[in-house]
Amino acid sequence: MNATTAEQASAPVTGDALRSVLLAGERPSRPGPVLTSLTFGWRALLKIKHVPEQLVDVTMFPIMFTLMFTYLFGGALAGSTQEYLQFLLPGILVQANVMITMNTGITLNTDIQKGVFDRFRSLPVWRPSPLVGALLGDVMRYSIGSAIVITLGLVLGFRPEGGAVGVVLSVALLLVFSFCLSWLWTMLSLILRTPNSVAGVSMMVMFPLTFVSNIFVDPKTMPAWMQAVVEVNPISHLATVVRGLMDGSVPAGEIGWVLVSSVLLVAVFGPITMVLYRNKK
């Protein structure tokens, strides 16, 4: 390095010089909402790759519930385990997916506590992208859970009369509902202060919804007042649709009810979530 080069290197950088460097090339276009959401969705999938333990609730719990309820209660409730499995498995599929959605709020709250979302909010991207991307990444978790439950059911003897088409349609509808329900836990993750509190409140909401439903037993065996509760439970309607599609029938009214409730979940909790996210300090 000669004296001239050393002198140029030590010279202060002026504003004009810096501006000329920054404006030398064409500025890249700002990414759109779809691209940024998919990018954050890919981040969620990478987290699964590097922390595979978070798939425990997706894999082990559905297997445990299916085996326990089939072989512990199947004979008492339906007379045989095979007959009960035909009734139970669509319900277990519903329960596994809606319970998995709680992890969305826990994961987001963890990111918030670590300060990751403060960085996300400073990026020049569509504001809801980090939230939508996280929810899209969780759709993969729901798909894994559904595949495990259906595979286990087929091994145990479950035979859907609706065939592959009925199974695919029921899983697709279930993924839509699970995605929309996740907005509730996203809202809670922005209100509550710790991941443990998010998990506790989520459990308090989901346990009554899943157990006071038609997932495990026919509501006709329940008291009249509980039947009324079960009939207005959105999880019961979802389980009825999944059973119907897998059995080969198409309960159009029930499908419409599930789709309307999915839209309402996003319409109610989506805007609240975004207000909380924008004002989060």
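Residues numbered from 1 in each chain as written. Predicted model: local features only at pLDDT ≥ 70, side-chain atom pairs only at ≥ 80, totals over all residues. Heavy atoms only, no water.

A. Representation of the overall build of the chain. In terms of regular secondary structure, the chain is built from 13 helices and zero strands. Taken from N to C terminus, the helices and strands of the chain fall in the order α-α-α-α-α-α-α-α-α-α-α-α-α. Across its three principal directions, the C-alpha atoms of the chain cover 95 × 35 × 35 Å. The long-range share in the chain, meaning contacts at least 24 apart out of those at least 6 apart in sequence, stands at 78%. Summed over all atoms, the accessible surface of the chain reaches about 14,800 Å², with 70% contributed by carbon and sulfur. Side-chain charges of the chain comprise 18 positive and 14 negative groups, with the mean position of each set lying 10 Å from the other. (Helix = DSSP H or I, 4+ residues; strand = E, 2+ residues; numbered from the N terminus. Contact = heavy atoms within 4.5 Å. Areas by Shrake-Rupley, 256 points an atom, 1.4 Å probe, with all protein chains shown as cover. Lys, Arg positive; Asp, Glu negative; His and termini not counted. Charge placed at Lys NZ, Arg CZ, Asp CG, Glu CD.)

B. Representation of helix α3 (residues 33–50). Here α3 contains 18 residues, and its C-alpha end-to-end distance of 26 Å stays within 8% of the 26 Å for a straight helix at 1.5 Å per residue. Of all the residues in α3, the buried ones are Thr36, Ser37, Phe40, Gly41, Ala44 and Ile48. Angular distribution of buried residues about the axis of α3 spans 145°; they occupy a single face of the element. Among the exposed residues of α3, those oriented more than 90 degrees off its buried face are Leu35, Leu38, Trp42, Lys49 and His50. Buried residues belonging to α3 abut α7 (116–121) and α8 (129–156). (Expected span 1.5 Å × (residues − 1). Buried < 20%, exposed > 50% of the residue type's maximum accessible area, 1.4 Å probe, protein only. Arc of directions from axis to C-beta.)

C. Structural view of the nonpolar core. With 51 residues, the main nonpolar core has Leu93, Val94, Val98, Phe177 and Leu181 as its most contacted residues. At the level of elements, α4 (56–78), α5 (81–100), α8, α9 (163–191), α12 (234–247) and α13 (252–279) are the ones that each hand at least two residues to this core. The leading source of residues in this core is α9, at 13 residues. Beyond its immediate chain neighbours, meaning those up to four positions away, Val98 contacts Phe177, Ser178, Leu181, Met206, Thr210, Ile235 and Leu238. Grouped together as the second largest cluster of nonpolar side chains are 11 residues, Phe40, Phe117, Val125 and Leu131 included. (Core = buried A, V, L, I, M, F, W, Y, C linked by side-chain atoms within 4.5 Å.)

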